[in-house]
Amino acid sequence: MTPIKLFDNAESYYRVLFHEMIHSTGAPQRLARKLEGQMNTFGSYEYSVEELVAEFGSAMLSEIIGIGADINNSGAYLANWAKQIKETKRQQEVYRDWE
């Protein structure tokens, strides 16, 4: 994790920390989300879903502890990964149709 002194403020640090912590909950000994295989391919459907999970979790934890989610940053981040999911699904469907 990047040192807190490199962030603009403590709230930003904790939002990123929460995001990374949510990723850790997917480990096999925890919630066992599917984090292998295509998950390791940046931009894949699985990778994109995991990024959404982590960002939603970070936003919820930020609200719970009272620092609030960064709506502009989180919103743009979520929109980007949601778009990636749609595009990846569309590519998979096109590829499947050609098989």
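Note that this is a predicted model, so its numbers are computed, not measured. (Residues numbered from 1 in each chain as written. Predicted model: local features only at pLDDT ≥ 70, side-chain atom pairs only at ≥ 80, totals over all residues. Heavy atoms only, no water.)

*Asks:* Got a minute to help me understand the layout of surface pockets in this structure?
*Replies:* Vacant regions in the atomic arrangement are exposed by a probe of water-molecule size rolled over the atoms. Empty space within the largest pocket amounts to approximately 220 Å³. Around the largest pocket, the lining comprises 15 residues; the ones closest to its centre are R15, V16, E55, N73 and S74. Per-element tally for the lining of the largest pocket: the top contributor is helix α1 (residues 10–24), with five residues. Residue composition of the lining of the largest pocket, by class: five nonpolar, six polar and four charged. (1 Å grid on protein atoms, 1.4 Å probe; cavity = no way out; pocket = protein on both sides within 12 Å on 5 of 7 lines; lining within 4 Å. Points joined across faces, edges and corners; volume = space filled by probe spheres on them. Helix = DSSP H or I, 4+ residues; strand = E, 2+ residues; numbered from the N terminus. Nonpolar A, V, L, I, M, F, W, Y, C, P; charged D, E, K, R; others polar.)

*Asks:* I would appreciate a short explanation of the environment of E11 in the present structure.
*Replies:* Among the structural elements, E11 can be located in helix α1. Between the C-alpha atoms of E11 and D70, which are 59 residues apart in sequence, the distance is 9.0 Å.

*Asks:* Can you walk me through α1 in this structure?
*Replies:* At 3.6 residues per turn, the α-helix brings residues three or four places apart onto the same side. Look at α1: 21 Å from first C-alpha to last across 15 residues, which is about the 21 Å you get at 1.5 Å a residue. The N-capping residue of α1, defined by a side-chain oxygen 3.3 Å from the backbone nitrogen of E11, is N9. (Expected span 1.5 Å × (residues − 1). Polar contact = N/O pair within 3.5 Å; in protein donor to acceptor, adjacent residues only side chain to side chain.)

*Asks:* How should the packing of α1 against helix α2 (residues 45–65) be read in this particular structure?
*Replies:* Geometry of a packed helix pair, given as the angle between the helix axes and the separation of the axes. The contact between α1 and α2 brings their axes to 8 Å, and the two run at 130°. By the criterion of interaxial angle, the relationship of α1 to α2 is oblique. For the crossing formed where α1 meets α2, the hand is right-handed. Side by side, α1 and α2 meet where R15, F18, H19, I22 and H23 of the first sit next to E50, E51, V53, A54, E55, G57, S58, L61, S62 and I65 of the second. (Axes fitted to C-alpha atoms, helices over the stretch in contact; angles between N-to-C directions. Parallel < 35°, antiparallel > 145°, perpendicular 65-115°, else oblique. Left-handed = near helix turned anticlockwise from the far one by under 90°. Contact = heavy atoms within 4.5 Å.)

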